[in-house]
Amino acid sequence: MTKLADLHVHTNLSDGTFSPERVVEHSKAKGLDAIAITDHDCCKGIDPAIITGRGLDVEIIPGVELTAELEESEVHILGYFIDWKNVPFLKKLDEIIKVRNERAKEILRKLREYKIDISDEELFGLICGGSVGRLHIAQLMVRKGFVRSIRKAFKKYIGDRGKCYVRKFKLSPKEAVDMIKDVGGVAVLAHPNTVNIKDKNTADIVSLLVKDGIQGIEVYHSEHKAEDENKFKELAEKYNLVITGGSDCHGFGKSEVLIGKVKVPYELVERLRELASKKL
Ligand code: AMP
Ligand code: FE
Ligand code: FE
Ligand code: ZN
């Protein structure tokens, strides 16, 4: 039987709700042979996942998801087969996390102007030693009855066009790609549809990112329709990019537990591994 992988999974070391151990248990239950742990700006979930993965025979691909900014739009860049113990790399992630902490407090300050009162302690009480993000804030907004859904929280308040949006660590796409390549990883554009730049379509955006050194594109994703997949596959062929796919599971942080909703053939993992090893 073909082995299957989910190459985009978050744990509670960023804005997922499951611990790395539970993520691996879920993956096993969903029939996955391999998963990539891709927390936002954090690698602390990788080692515990590897340990559980050994016991359950689930391979863990070390990954990360970095946020870059291109013409005022967020661009998420996944890194695969990174050296997740590299000290200068981890120092940079720590710096980014510090900026995230300050940004989160600034978002809470802005929310208070709209009578949405969430204390810093309530927010940081949710953090399990990794990175804080807007999804944590959205969860508290729902839990405390300020909004009816996470979607509303983003749309009205904390989304990129919301009243209380605060930008985060400013990394250019090239800087994010280089950070990943410097630790032996393969840099992949995540969920291309979420990059929104005036007067530029996805093809224009991908062509810019290729110049910045991007090596792959996330073709399969929980929120992609068949037409998106076809469009991104064509771009992958045009620019000789590796294809990846994953659920972008955040545990209960999204409307459903998505792990295993996107399963890609293991040969895509092998292509990523090959590409990563070429540069070493
Ligand atoms: P941050 O890293 O703090 O900027 O938060 C980004 C995360 O927020 C993404 O990875 C998603 O998990 C989540 N997110 C962003 N926009 C939305 C949205 N409109 N609805 C739900 N979740 C969102
Ligand atoms: Fe997230
Ligand atoms: Fe993302
Ligand atoms: Zn993600």
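Residues numbered from 1 in each chain as written. Chains lettered and ligands numbered in written order. Predicted model: local features only at pLDDT ≥ 70, side-chain atom pairs only at ≥ 80, totals over all residues. Heavy atoms only, no water.

A. Structural context of the coordination of the iron ion (ligand 3). All of the protein donors around the iron ion (ligand 3) are Glu65 (OE), His76 (ND1) and His191 (NE2); their distances to the metal are 2.0 to 2.3 Å. Read in sequence order, the donor residues for the iron ion (ligand 3) give the motif E-x10-H-x114-H. (Donors = N, O, S within 2.8 Å, 3.2 Å for Na, K, Ca; no water.)

B. Local environment of the environment of Arg143. Residue placement: Arg143 occurs in helix α5 (residues 134-143). Assessed through its relative accessible area of 59%, Arg143 is described here as exposed. (Helix = DSSP H or I, 4+ residues; strand = E, 2+ residues; numbered from the N terminus. Buried < 20%, exposed > 50% of the residue type's maximum accessible area, 1.4 Å probe, protein only.)

C. The coordination of the zinc ion (ligand 4), seen in detail. Surrounding the zinc ion (ligand 4) are the protein donor atoms His8 (NE2), His10 (NE2), Glu65 (OE) and Asp248 (OD), at 2.0 to 2.3 Å. Each of the 4 donor atoms around the zinc ion (ligand 4) contributes to a set of angles spanning 77 to 167°, which defines the coordination as irregular. Site description for the zinc ion (ligand 4): donor spacing in sequence, H-x1-H-x54-E-x182-D. Between the zinc ion (ligand 4) and the iron ion (ligand 2) there is a metal-metal distance of 4.4 Å. Placement of His8 in strand β1 (residues 4-9) and of Glu65 in strand β3 (residues 59-70) is noted, with a sequence separation of 57 residues between them. Each member of the pair His8 and Glu65 is classed as buried. (Tetrahedral: all angles 85-135°; square planar, octahedral: opposite > 155°, others 65-115°.)

D. Broad picture of the packing of helix α3 (residues 87-113) against α5. Running from amino to carboxyl end, α3 crosses α5 at an angle of 35°, the nearest separation of the two axes being 10 Å. Crossing angle aside, the handedness with which α3 passes α5 is right-handed. Residues Arg103, Ala104, Ile107, Leu108 and Leu111 of α3 pack against Arg134, Ile137 and Met141 of α5. Here the residues of the contact of α3 with α5 sort into 6 nonpolar, no polar and 2 charged. (Axes fitted to C-alpha atoms, helices over the stretch in contact; angles between N-to-C directions. Left-handed = near helix turned anticlockwise from the far one by under 90°. Contact = heavy atoms within 4.5 Å. Nonpolar A, V, L, I, M, F, W, Y, C, P; charged D, E, K, R; others polar.)

E. Summary view of the site of ligand 1. In the neighbourhood of ligand 1, 13 residues make up the surrounding shell, with His40, Arg100, Arg103, Arg134 and Lys168 lying closest. In this structure, His40 approaches ligand 1 through a side-chain N or O atom, which is 2.9 Å from an oxygen atom. At 2.9 Å from an oxygen atom of ligand 1 is found a side-chain nitrogen or oxygen belonging to Arg100. Within the complex, 79% of the 500 Å² of free accessible area of ligand 1 lies under protein. For the shell around ligand 1, the secondary structure elements donating two or more residues are α3, α5 and α6 (150-158). Taken together, the residues that form the shell around ligand 1 break down as 3 nonpolar, 3 polar and 7 charged. (Near = heavy atom within 4 Å. Polar contact = N/O pair within 3.5 Å; in protein donor to acceptor, adjacent residues only side chain to side chain. Areas by Shrake-Rupley, 256 points an atom, 1.4 Å probe, with all protein chains shown as cover.)

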